[in-house]
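Residues per chain, in single letters:
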Amino acid sequence: MSLHPSENPSISSLTALKVSETDTPQKARWWKEAVVYQVYTRSFSDSNGDGIGDLPGLIDRLDYLKSLGVQVIWLAPHYDTPNVDNGYDIRDYRAIDPLQGTMADFDRLVAGLHERGMKLIVDLVINHTSDQHEWFRQSRSGPDNPYRDFYIWRDGRDDGPPNNYLSIFGGGAWEKDEASGQYYLHYFAKEQPDLNWENPRVRQEVYDMMRFWLDKGVSGFRMDSICFISKLPDLRDLTLAEMESLEHVYVTGPKIHDYLQDMYHEVLAGRDLLTVGEAFGVSFENTPAFVSEARNELTMVFHFEIVRLGRHDWQVQDWTVKDLKAVLRGEDTSSGPDGWLTSFLENHDNPRSVSWFGDPSPKGHAPSAKALATLLIMRRGTPYIYQGEEIGMTNIYFDGIEDFQDINAKGIWNNTVGIGKMSAEEVLHSLRKISRDNARTPMQWDGSNNAGFTTGLPWFRVNPNHVDINVERQDADPNSILNYYRTLIQLRASQKALIYGEFEDVDPDHPAVIAFTRILGDEQFLVLINMCGETEHYILPHGLKIAEVLLDNMSASVENVLPDLKPWQAGVYRLALPADI
């Protein structure tokens, strides 16, 4: 039986908390108040023993997701695909990947979510298609085909590609078609040709497809690589500096806002939807243009400065807690006066947060996972939990390049070790830590051989630590990471200030402790997180004083929260108002 969050002894009586009626400074929206859970279907739950997660397996787990307290499921690409890039290469936008199930299964999923008062958003992958998509097959058949202009074809230059564009996955971004002698553009794998958004027929086909899924009951879209859809008008060569930071160039196409506003008016207007754009490369300063409610583009975007902290492209670098706090402050202001934010520490493209920001050792695992959960759920913005994050799943170990499935990791290897540019151990050192494969190991449901994920041979290795880190064990433990997540989600839902309240970093220069307030009218809360494995002697700045402990991962009382914060101690506290001090 699932433990109710209120049974957790580390919480002051949540049942006594009332949702604040204080007027919010922004318009109330369901997608601001929701908590979203990302399902990477391939690795979530396998119903038929073929080793690959599927829609019926997800349907079987809906009660678990409901018990977690999330209101929205973000589903990884479910479309028919050759699976060159794990579903992000789409062969047919209106068909279900047979490995995941059928259209009837998809309809059952939507119905099952709606029966539980939950919603579904789906991945919208419209910067590119698969090279097996019928549009591209037609386009490739010759320059005179009416679908030729669905993609970006150019003549070569000096016996080479049209320009020096590079792929995000490594190598050149142009692929020569021997039949016609021309090249097509692909920002990602060569099997993922980029669509030509200049063509109004492309846009109308995309809009029709979006309406198709909305009519099936989805409540919005996560828009993959959406800020790349407008290309630079002259397709000029890149400078050396630009080639070091491709994402910052590829997001500067001059028509991106025209396209997004056109999409809104053609498809999204009049519907109450969540639309979240992958904004890799978009600066904080340029973000309001995407998320301002007055502009009618997107409801929120994903920035990657936090999850990419300590990385230069794929290479690992040092980072500090002060660096993290600087990014938190910058991101919080990036939405502008009438925009909204996302909060996430993991997704299918980034390593596990406990392994990156926390301490995956047996001693540090649970407290650091709870500390990170506090940061994720309590900062301003809609929280996105990635599957397994709620039990503290960790990175997996890779012996060598043969252990990786990730097309991106293989591309990095080929463009470094493969050409003698770097040593194998030098590259493996970073790939082990940053590879997307770390997030794609099967979900750890129990301690059995395949972690309860499948009765067959899993498509990817199960992390050996599933014996200790799994849903079944944590569901039964009142002090587990899982039950801490449940309580955090319930706490956020109970207090409008923890959703709409202003965020302020009250101690930006402290080297180990994150301290921020969430304030809405007279409701004032403090969040404290010790981001290290040592005890920190800590004095609250600005005369702040804790009046009540709402949640503390060390079960601290008001009297003993401070001055000594235990390793990875974190909590949410009501502040004393000036009149009470």
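Quick caveat: nothing in here was measured; it's all calculated off a predicted structure. (Residues numbered from 1 in each chain as written. Predicted model: local features only at pLDDT ≥ 70, side-chain atom pairs only at ≥ 80, totals over all residues. Heavy atoms only, no water.)

Quick notes on the sheet that holds strand β20 (residues 546-552)
A sheet is described by the order of its strands in space; here five strands give the open sequence β16-β17-β18-β22-β20, paired in antiparallel fashion. Of all the strands in the sheet, just β16 (502-505) and β20 have a single pairing partner and so form its edges. Neighbour-to-neighbour, the strand axes of the sheet open up by a mean angle of 25 degrees, direction not taken into account. Where strand β17 (residues 513-520) lies against strand β18 (residues 523-530), eight bridges are found, and the strand directions are antiparallel. (Pairing = 2+ DSSP bridges. Helix = DSSP H or I, 4+ residues; strand = E, 2+ residues; numbered from the N terminus. Axes fitted to C-alpha atoms, helices over the stretch in contact; angles between N-to-C directions.)

Some points on the confidence of the model for the chain
The share of residues in the chain with pLDDT of 70 or more is 95%, and the mean pLDDT across the chain is 93. This model gives residues 1-23 a pLDDT under 50, and the stretch forms 51 contacts once residues within four places in sequence are excluded. (pLDDT = per-residue confidence, 0-100. Contact = heavy atoms within 4.5 Å.)

Remarks on the sheet that holds strand β2 (residues 72-75)
Taken together, eight strands build an open sheet; the order of strands is β11-β10-β9-β5-β2-β1-β15-β14 and the sheet is parallel. In this open sheet, the two strands that pair with only one neighbour each are β11 (300-302) and β14 (342-343). Inspection of the sheet shows strand β1 (residues 36-39) paired to strand β15 (residues 382-386) by three bridges, in the parallel sense. From the neighbouring strand, V36 faces β15, where its bridge partner is Y384. Sheet strands in contact with helix α6 (residues 200-215) are β5 (119-125) and β9 (220-224), and its direction is about 140 degrees off that of β9.

Points about the pattern of salt bridges
Enumeration over the complete set of coordinates arrives at 33 salt bridges. Across the salt bridge formed by E293 and K32, the nearest N and O atoms sit 3.5 Å from each other. Note that E293 is positioned in the loop between α10 (288-291) and β11 and K32 in helix α1 (residues 30-33), a separation of 261 residues in sequence. (Salt bridge = Lys/Arg side-chain N within 4 Å of Asp/Glu carboxyl O.)

Topic: the packing of aromatic side chains
According to the stated counting rule, one finds 33 aromatic pairs in the structure shown. Judged by centre distance (6.1 Å) and plane angle (75 degrees), the ring pair of Y79 and Y93 falls under edge-to-face. Within this pair, whereas Y79 is found in strand β3 (residues 79-80), its partner Y93 is found in strand β4 (residues 92-96), the two being separated by 14 residues in sequence. Taken together, the aromatic side chains of Y79, Y93, F106, W135, Y147, F150, F212 and W213 make up a single cluster linked through ring pairs. It is R61 that lies over the ring of W445; its NZ or CZ is 3.8 Å from the centre. Its guanidinium or amino end placed over the ring of W30, K119 lies 4.8 Å from that ring's centre, counting from NZ or CZ. (Phe/Tyr/Trp six-rings, centres within 6.5 Å; stacked < 30°, edge-to-face > 60°. Lys NZ or Arg CZ within 6 Å of the ring centre and 35° of its normal.)

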